[in-house]
Amino acid sequence: MWTRLPGADLRRRWLRRRLPPNPLQAYLAAPLPARRARCRELEFLALDIETSGLDPARDRILSLGTVVVRDLAVPLDSAWYRLVRPGRPLSGDNVRIHHITDDQAAAGLPLSTVLPELLEQLAGRVLLAHHAALELGFLNRLCRDWYDAPLLTRAVDTQLLARRRLQRRGQAFRGRDLRLYNLRAELGLPRYRAHHALSDALATAELFLALLPDADCRLREVLC
Amino acid sequence: MEVELLEIRDFLADHAPFDVLSPDLLEVLPHQLVVRYLRRGTAFPPADATAPALYILRSGAVELRNSDGTLSDKLGEGDLYAGLCEADSSVSGVTVEDSLLYLLDCRALASLREASAAFDRQFAADRAERLRRAAAPRPGAGIDVLSLKAADLRHREPVTLDADMTIRQAAQLMSAQRVSSVLVTEGERLAGLITDSDLRHRCLARGLSPDSPARSIMTPDPVTIDGDELLAEALLCMTRMQVHHLPVLIQGRLAGMLTLSDLARHQGSSPVLLATDIQRADGIEALAQICRRLPELQLQLGLANTRPSYIGAAIASITDALTRRLLELAESRLGPAPVPYVWAAGGSQGRQEQTVHSDQDHALIISDDLRDTDREYFAELARFVSDGLNACGFPYCPGNAMASNPQWCQPLQVWHGYFNDWIERPQPKALMHASIFFDLRAIHGEPVLLQSLQEQVLARTRANRIFIAHLTAAALQHRPPLGFFRNFVFIHDGEHDATLDLKRRGLLPIVDLARIYALSEGIDAVNTRERLEAAIATGALGIDLGSSLLDALEFIAGLRIRHQARCLREGHSPDNYLPPDTLSGLERNHLKDAFRLIQSLQATLENRYQAGRFS
C-alpha cells in the first residue's frame, strides 16, 4: 500500500501533476496529514461501506456512511450517509444482512455522484475504518477504474489498533473478539445496530477514541 | 438524502427530558450533538472543553463533588449535567469509569427550549416550579372527583320546609320533589334535617302522628359543609360523622344538599360505606371481614387519582371508625369505663397519613381519678382493641408503642411526667419513642384529657431550644438519598440500596421536619401538611421553601400510593420499597429535586440548632 512508503507526499504531488482534472486529482490538492502530527490536532474521517461481497473486483458498494473526528470528538453534524443505486438487482442474502431492499436502493444515488462527494470529505483527513482493508480495497479499485490511479491516503484501522493492544497486554483472543461490536462491548461502549453504514462509522469513530493510547499520541503510532 | 442517526435519536427518545420532544425535533437533535469519550479519571467537565455545553452521559459514570469536596451526585447512563449552562456551576467532578458523553452546546439547548414548551418546562431552572408540577395530578389518569368542590356537585336547589309544618307535609314535599331528605328551616336559619329513615324510625315506627310538627323528628343542627371545601373533605366528614347527607352552605347561605348517592355516582362513596359497615359490625370476625376490603379501597382511590393526602386521611378515618367500634365492643363486654379516658392514636394514624397494613401506634390517657383497682379494666380494654386491630390487618407495633403496654396506659399525671422527662432530658433513644407520642390524636373518649396534655407540652417545647436541638439531631437520622445511580439508590459515598425506602428516606424526613417546626413554634396540628402550613403562616418556614416541601410530600406520597397499588395488583402485601427501575426519568429527577430540598432544610435546622445542643 502507498501509505506505508516513505515520501508519500512526493508521490501525491507527482500523481496530482500526472492526472487530468477529475475528483481524484482535486482530492490530491490537499497535503496528506503528517505522520508526526499529534492525533488531537488532526481530523479523521471514519468510514464504513456496506458491500454485496468481499471482492472489490466482483462485488459492489451498497451504502456508505461517514463521521468526522475533530479535536478527539465526533461532531455529529458531520454525519453523512449515501445509498448507492445498483446496476443490477440485489441478491437475497445481502438484503437480509443490510436491510436494504431494491426499492430503497433504487432511491439511491449513482456511484459517479457519491464517490466525488466522499473524496471531497477525505481530503486532508486521515481515513478511519474497522478492518480498513475492505474500505481501502474497494476505494482503490474504484479510483483505478474511474480515474486511472490508486487512492493515496493515510489510514488508521481500529481492528489493527485493538489487535496490537491485546498483543501488548499478552491477552489471548480469537478472531471474533476483534469484531467491531464485540470490541465495543468489551470497552463498555453502547450497543448500536450492526450493518448500517452510518451506525458502523460512528461506532468505529467512538471505538477509535476509546483505543487511542493517549491524547498526545502521534499519527505514526496509530497508522496502519 | 436523509441521514438518520437512529441510535442516538432512540436513546434520546427514551430519556427525560428529551422524551417529550416532538418527532421532528428529535430527528434534528442528534445532528447538534458532539460525542466525546473520557477515560476513567478524567476531570469533569473536561478541561479542554471548547464551548459550554450540556453533558448527556451515554455510558460510564461520573462523580460530582461540591466545592467543599463532599459528594453531590453520581451520574450514570442517561443522566445529565447542565451546570455549565446554568449560572451556578460550583460543582466539579471526575469520571470514575470510561465514559461516552453527548454534548449539546448551551446555545443549542436554549433554542431547543424555545422550540418546545414541554421540553422547556422539564428543564425549568426553578426547582419549586418543577416540584409543583410533580405534585400536580397526573394527566390522563382520570379526573380526581374528590378534588372538585362541594359546590360543583350540587345538582338542585335545596328543598326546604318550615319547622312548623307537619310531618305529613314534609313527606308530601319529599315525594313531589323526589328527594330522600328535606332541610328544615326556622326563618333564614337551618334548623335541622329530615331523611327517609327519620320518617320510618322516628315517626312511623314510634306511632307518631303525621300531623306533629316536622321539628319533632328532625336531626337538629346537622353537620354542614362549605361549598368551597373539596369533595374529599365532604367524604371524610361523612365517614367521621356517620352521616349520608350534608347541606352545602355558600357564604353561610343554604345552597343545596350533597348526599352519599351523589358521591356514589362518582365512585367516591366507598370509605363512607366501609365506615358504616364497621359501625354496624357486631364482632371482631365481622370487622376483620370488612377490613379485608381496605386494600381494594386504597387501590380504587389511587386509581381514581385521589390526592395522596386524602387517601391517607380516608384510611385513617376508617381505622378511627374501627378503633371506636372496637372500644364500643370492649365497653359492652367489660362494662362502662370506671373513670374517663381518651384513646389516642399516634404515628401515621394520628397524623392522618395512613396506608393499609401500617402498624398500630396508640396510647391510653386516663383521668387522674384512676384507682389501682381500675387498672385491670383498662389493660383489658387496651388488649381487646389491640388484638382486634391486629386481627383486622393492622399489625402490633414492633416497638410496643401501644396502649396494651402498661407503660403507655397511664393516668394523665404520669403522661405529663413522661413528656417532661423527654423534654427536659432528651436522650436520643427516648426521642425515637417520643416521636410517636408527639403525634397523638384523640379517637374516642374525653378529648379534653389529650388536649390539656398537648397544651402543656407545646408550651414547654416552644421555649426549649435544647430540646429542639436534640429533636433535630434525632430527626437527622432519616436522611434522603443523594440520588440514583443506574438502577440503585445512591445513599452516600460507597453505599447503594437496591430499592428506595419511600417511607424512611422520603416521607419520614419531611414528617420529622414538620414536627420540629410544630414543636418549636407551638403549633397544635399533628398532620404534616397542616403543621407545615401553620409553620408557613407563623413565618418559621419561608413560603417558597414551605410550598415546595408540601409539593415534595405530595409527590412522594403519590409514588407510594402507586407503588402500593402495583403491589396489590401483583398480589403481594403493599410495602414501601420502590425499585428504581420502575421510575421514569422524569420521576427520578423530581425525586432528586425533593431530596435536595429536604437536605437543604435539614442543613438549615442543623445549623440553627447546632449551638443549642451543646450550650
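Since the model is a prediction, treat every value here as computed from it, not as a measurement.

1. With respect to the interface of chain B and chain A
Many descriptions give the size of an interface as the accessible area lost when the pieces come together.
Consideration 1: Counting residues at the interface gives 19 residues for chain B, matched by 21 residues for chain A.
Consideration 2: Counting only elements with at least two residues in the side of chain B that touches chain A, the list comes to β1 (33–38) and β3 (53–59) of chain B.
Consideration 3: Per-element accounting of the side of chain B that touches chain A gives the leading share, five residues, to β1 of chain B.
Consideration 4: In the side of chain B that touches chain A, the residues fall into nine nonpolar, five polar and five charged.

2. A few points about the sheet that holds strand β7 (residues 92–95) of chain B
Residue and element names in this part refer to chain B.
Consideration 1: Strand order across the open sheet formed by four strands is β2-β7-β4-β5, with antiparallel pairing between neighbours. Two strands bound the open sheet, and with one partner strand each, they are β2 (43–44) and β5 (71–75).
Consideration 2: Bridge analysis of strand β4 (residues 62–65) against β5 gives four bridges, and the strand direction is antiparallel. Along β5, the bridge assignment pairs V62 with L75.

3. Concerning the environment of A313 of chain B
Residue and element names in this part refer to chain B.
Consideration 1: Note on placement: A313 falls in helix α13 (residues 308–334).
Consideration 2: Residue classification places A313 among the buried positions, given that 25 C-beta atoms sit within 10 Å.
Consideration 3: The spacing of A313 and D10 is 303 residues in sequence and 43 Å in space, taken between C-alpha atoms.
Consideration 4: Not counting the four nearest positions on each side in its chain, A313 is found in contact with L236 and Q352.

4. A closer look at the pairing of strand β1 (residues 43–51) of chain A
All names here are of chain A.
Consideration 1: In terms of burial, β1 is a largely internal element, eight of the nine residues being buried.
Consideration 2: Where β1 lies against strand β2 (residues 61–70), nine bridges are found, and the strand directions are antiparallel. Within the sheet, the bridge partner assigned to L47 lies in β2 and is T66.
Consideration 3: Sheet analysis places β1 next to strand β5 (residues 126–129), joined by three bridges and oriented parallel.

5. Remarks on the domain arrangement of chain B
All names here are of chain B.
Consideration 1: Structurally, chain B comprises domain 1 (6–125), domain 2 (147–265), domain 3 (311–460) and domain 4 (473–614).
Consideration 2: Just the C-alpha atoms count here: the centres of domain 3 and domain 4 sit 26 Å apart.
Consideration 3: In this assembly, 19 residues from domain 3 lie in contact with 15 residues from domain 4.
Consideration 4: Elements supplying a minimum of two residues to the side of domain 3 that touches domain 4: α13, α17 (428–437) and α18 (447–463).
Consideration 5: Here the side of domain 3 that touches domain 4 gets four residues from one element, more than from any other, and that element is α17.

6. Describing unusual backbone geometry
Consideration 1: With an omega of 0°, the peptide bond between A16 of chain B and P17 of chain B qualifies as cis.
Consideration 2: Relative to the elements of secondary structure, P17 of chain B occurs in the loop between α1 (6–13) and α2 (23–28).
Consideration 3: Cis peptide bonds are those with omega within 30 degrees of zero, and the linkage from F44 of chain B to P45 of chain B qualifies with -10°.
Consideration 4: Mapped onto the elements, P45 of chain B comes out in the loop between β2 and β3.
Consideration 5: A positive phi angle is found at H131 of chain A, which is not glycine, with a value near 60°.
Consideration 6: Mapped onto the elements, H131 of chain A comes out in the loop between β5 and α6 (132–147).
Consideration 7: At Q251 of chain B, a position not held by glycine, the phi torsion is positive, near 50°.
Consideration 8: Looking at the secondary structure, you find Q251 of chain B in the loop between β14 (245–250) and β15 (253–259).
Consideration 9: A residue is classified by how many C-beta atoms lie within 10 Å of it, and Q251 of chain B, with 8 of them, is exposed.

7. A few points about helix α20 (residues 502–521) of chain B
Count 3.6 residues to each turn of an α-helix, and residues three or four apart come out pointing the same way.
Residue and element names in this part refer to chain B.
Consideration 1: Compared with the 28 Å implied by 1.5 Å per residue over 20 residues, the 27 Å span of α20 between its first and last C-alpha is a close match.
Consideration 2: Residue L508 marks the point of greatest curvature in α20, where the axis turns by about 40°; the proline P509 follows within four residues.
Consideration 3: A large share of α20 lies buried, amounting to 17 of its 20 residues.

What counts and how
Residues numbered from 1 in each chain as written. Chains lettered and ligands numbered in written order. Predicted model: local features only at pLDDT ≥ 70, side-chain atom pairs only at ≥ 80, totals over all residues. Contact = placed C-beta atoms within 7 Å. Helix = DSSP H or I, 4+ residues; strand = E, 2+ residues; numbered from the N terminus. Nonpolar A, V, L, I, M, F, W, Y, C, P; charged D, E, K, R; others polar. Pairing = 2+ DSSP bridges. Buried ≥ 20, exposed ≤ 12 C-beta atoms within 10 Å, placed from the backbone. Domains from an automatic or database assignment. Expected span 1.5 Å × (residues − 1). Bend = angle between axes of the 7 residues up to and from the residue.

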